[in-house]
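This is what each chain is made of:
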Amino acid sequence: MATRLRATATAIAVFSYGAHASLRDPSVSANDRSGAPAADAIQRKISDPCAVVPPRAVQESALVGASPVNPLDLLVVGGGATGCGVALDAATRGLRVGLVERDDFSSGTSSRSTKLIHGGVRYLEKAIFNLDYGQLKLVFHALEERKQVIENAPHLCHSLPCMTPCFKWFEVVYYWTGLKLYDLVAGHHLLHLSRYYSAQESVELFPTLARKGKERTLKGAVVYYDGQMDDSRLNVALACTAALAGAAVLNHAEVLSFLKDDVNERIIGARIRDTLTGKEFDTYAKVVVNAAGPFCDSVRKMADKDAKPIICPSSGVHIVLPDYYSPQGMGLIVPKTKDGRVVFMLPWLGRTVAGTTDSNTTITMLPEPNEDEIKFILDAISDYLKIKVRRVDVLSAWSGIRPLAMDPRAKNTESISRDHIVFEGYPGLVTVTGGKWTTFRSMAEDAVDAAIKSGKLSPTNKCVTYNLRLIGGDGWDPAHFAVLAQRYVRTKKSYWGKVVPEAMDTATAKHLSRAYGTLADRVAAIAQNESLGRRLAHGYPYLEAEVAYCARNEYCESAVDFIARRSRLAFLDTDAAGRALPHVIQILASEHNWDRSRQKQELQKAKEFLGTFKSSQNAEFHDGKHK
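None of these values were measured; they are calculated from a predicted model. (Residues numbered from 1 in each chain as written. Predicted model: local features only at pLDDT ≥ 70, side-chain atom pairs only at ≥ 80, totals over all residues. Heavy atoms only, no water.)

Asks: Please explain the layout of surface pockets as it appears in this structure.
Replies: To find leftover empty space, a probe the size of one water molecule is rolled over the atoms. Of the volumes computed, that of the second largest pocket is approximately 1100 Å³. Lining the second largest pocket are 42 residues; nearest its centre among them are Gln-328, Trp-348, Leu-349, Gly-350 and Arg-514. Going through the elements one at a time, β4 (157-166), β6 (220-229), β13 (343-348), β14 (351-355) and α15 (506-516) are the ones with two or more residues in the lining of the second largest pocket. Of the residues forming the lining of the second largest pocket, the biggest block, 7 residues, is contributed by α15. Of the residues contributing to the lining of the second largest pocket, the split by class is 19 nonpolar, 13 polar and 10 charged. (1 Å grid on protein atoms, 1.4 Å probe; cavity = no way out; pocket = protein on both sides within 12 Å on 5 of 7 lines; lining within 4 Å. Points joined across faces, edges and corners; volume = space filled by probe spheres on them. Helix = DSSP H or I, 4+ residues; strand = E, 2+ residues; numbered from the N terminus. Nonpolar A, V, L, I, M, F, W, Y, C, P; charged D, E, K, R; others polar.)

What follows is the structure, encoded as structure tokens:
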């Protein structure tokens, strides 16, 4: 085995040189990557403190106004991470861009991730032992993008140490060597160096970690670093940044069919329905980019009913547990489960998120986890903890569908590469799918490059998103929350109608700063000046002011938009989200002029949505082992 490890180290060193040399086009200089004057001008536009996103009505008018003689350059179908990334990339190249999303930005896979921004330790292991240069290059690329995502949205992303416990001395050597190779592959994109901790140091860092169990004793742990994000808020930031850059982004707008040229059958636009109003209209574009995630095959079939499927959907289930399951600022990696998967247990927004599963599934708008998957995750982490792992502690459980690009040689989803594919399967329709959250930016870049070639478009500059700070990120500092706490109070109306001032406490200030970046001042001002400073749910820092702000500035059009994606209440605590619903709807009704019928409809839809999150309160059954 020692010989194998030495061979592995040699192979990675050789691969490292080649992959670093070929990962980027050598003709592209550092100045070109940063975007030079074009990027600076775009960054100033996005970071303008007076800038506000265009209202939804304006965005819809821009799409309606695209005609056969004056079409958009690009129409993007899908408002997940990749779709919004495409819209941002294209708009910042000076192209005329529209985007439509059937539900809400990040309503699908992009809000249901593990919340990690990572290079893929597991893929590195496969690359080395299979001598697979393609897998290794994928890890190199993901590690580079990992660093850029964190730098471009510093308020929504951060580095996170992850502990891998070792119960055999061989495991200490194996994981230490492997994670040092992970550091080596990262090169100058490294977040922090990995290191070994003794058993005593490990339990001090992670107090709930078991030292003994099942005839084994903890020998120590290896800690390495990856990135963590608030995925749906990052997705919304992409959509709003694209809107400030000039893209017409429209959520709750469904593609009904494609418009085709009568002569050559090329796609030239789409028939759209605004699902909020029922209004239908045509919009025209030189190229349509299909970024519909798990639904990209159904979009392709709109163009060609005989299109062969390219998506192999995989179900990823996560659960949320109370914060005492993991210490703040340290994750736990369960390296080997019964089916060979890696399970994470990570601190996230004041709670603990654990997952994930990987199993075949059917594609649906609202995927639900089943009890077997929840039980699998609970069993996997229970072997590593010295506290009782209980089903009744599950605050929320959800399922996401990964749109894995199908490899006909693969026998199961676990062995499918997470690399992305971009192709024009039908004239005028460019599809981008596969990949993962970490590489959304480069996926978007490749898709826009393909669209420019397909439509013979004329961008004003090259891609500038590599170093582009998203809305709220430019000028943000980790100490920004202290300024908020000093500058604002949370005036609110008491239950008896009296306006009561309260301090902007540290927890609330930190939350606002992290969620909205430099724009947190706008939210705090609403809380202070409009008596919207009350918390929406006990034990959580979300304020009434956020509902009003998101309705005005983040295209929050429904109660589910807020509880699931503008805030994360549904994902953190399903029952708390349910208790907050009436108040959320009341504020949104005031912002959007909803009548009583619409308010009742919103409440019903939100309750149905929360019913798909299997907390302990709405579980199908309780396994006695986890009570």
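Asks: When you look at the domain arrangement of the chain in this model, what are you seeing that I'm missing?
Replies: Many authors give the size of an interface as the accessible area that is lost as the parts come together. For the chain, the domain assignment lists domain 1 (54-111 + 233-310 + 411-467), domain 2 (116-229 + 313-403) and domain 3 (479-612). Every contact between the two is made by 27 residues of domain 1 and, on the other side, 34 residues of domain 2. Across the domain 1-domain 2 interface, the total number found is 1 salt bridge. For the salt bridge of Arg-441 with Glu-145, the shortest nitrogen-to-oxygen distance reads 3.0 Å. Counting across the domain 1 and domain 2 interface gives 12 residue pairs in polar contact (both at pLDDT 80 or more). Those elements that place two or more of their residues in the side of domain 1 that touches domain 2 are α10 (231-244), β18 (429-434) and α13 (440-455). When the residues that make up the side of domain 1 that touches domain 2 are grouped by side-chain class, the tally is 7 nonpolar, 12 polar and 8 charged. (Domains from an automatic or database assignment. Contact = heavy atoms within 4.5 Å. Salt bridge = Lys/Arg side-chain N within 4 Å of Asp/Glu carboxyl O. Polar contact = N/O pair within 3.5 Å; in protein donor to acceptor, adjacent residues only side chain to side chain.)

Asks: What am I meant to see in α15 here?
Replies: An α-helical turn contains 3.6 residues, so any two residues separated by three or four positions project in the same direction. Those residues of α15 not exposed but buried are Thr-508, Ala-509, His-511, Leu-512, Ser-513, Ala-515 and Tyr-516. Phi turns positive one or two residues past the end of α15, at Gly-517, with a value near 65°. (Buried < 20%, exposed > 50% of the residue type's maximum accessible area, 1.4 Å probe, protein only.)

Asks: Looking at this structure, I do not really get the UniProt feature "domain: Alpha-glycerophosphate oxidase C-terminal" (unreviewed entry) in the chain. What am I missing?
Replies: Under the UniProt annotation, the feature "domain: Alpha-glycerophosphate oxidase C-terminal" (unreviewed entry) is placed at residues 463-598. Here residues 463-598 is 54% helix and 3% strand, with 43 Å between the C-alpha atoms at its ends. (UniProt positions renumbered as here; feature names shortened; annotations may be inferred.)

Asks: What am I meant to see in the nonpolar core here?
Replies: Across soluble globular proteins, you tend to see nonpolar side chains buried next to one another. If you look at the biggest cluster of nonpolar residues, it comprises 137 residues, and the most contacted ones within it are Leu-74, Val-97, Cys-157, Leu-234, Leu-512 and Tyr-516. Setting aside its immediate chain neighbours within four residues, Tyr-516 contacts His-155, Arg-233, Gly-472, Val-523, Glu-546, Tyr-549, Cys-550 and Glu-554. In terms of nonpolar packing, the next biggest core, distinct from the first, is built from 31 residues, Met-163, Val-223, Val-389 and Ala-397 among them. (Core = buried A, V, L, I, M, F, W, Y, C linked by side-chain atoms within 4.5 Å.)

Asks: Can you help me understand unusual backbone geometry in this one?
Replies: A cis amide bond, omega 20°, links Gly-355 with the succeeding residue Thr-356. Mapping Thr-356 onto the fold places it in the loop between β14 and β15 (359-360). Backbone geometry places His-252, a non-glycine residue, at a positive phi of 55°. Assignment of secondary structure puts His-252 in the loop between β7 (248-250) and β8 (253-260). Judged by relative accessible area, His-252 falls into the buried class, the value being 7%.

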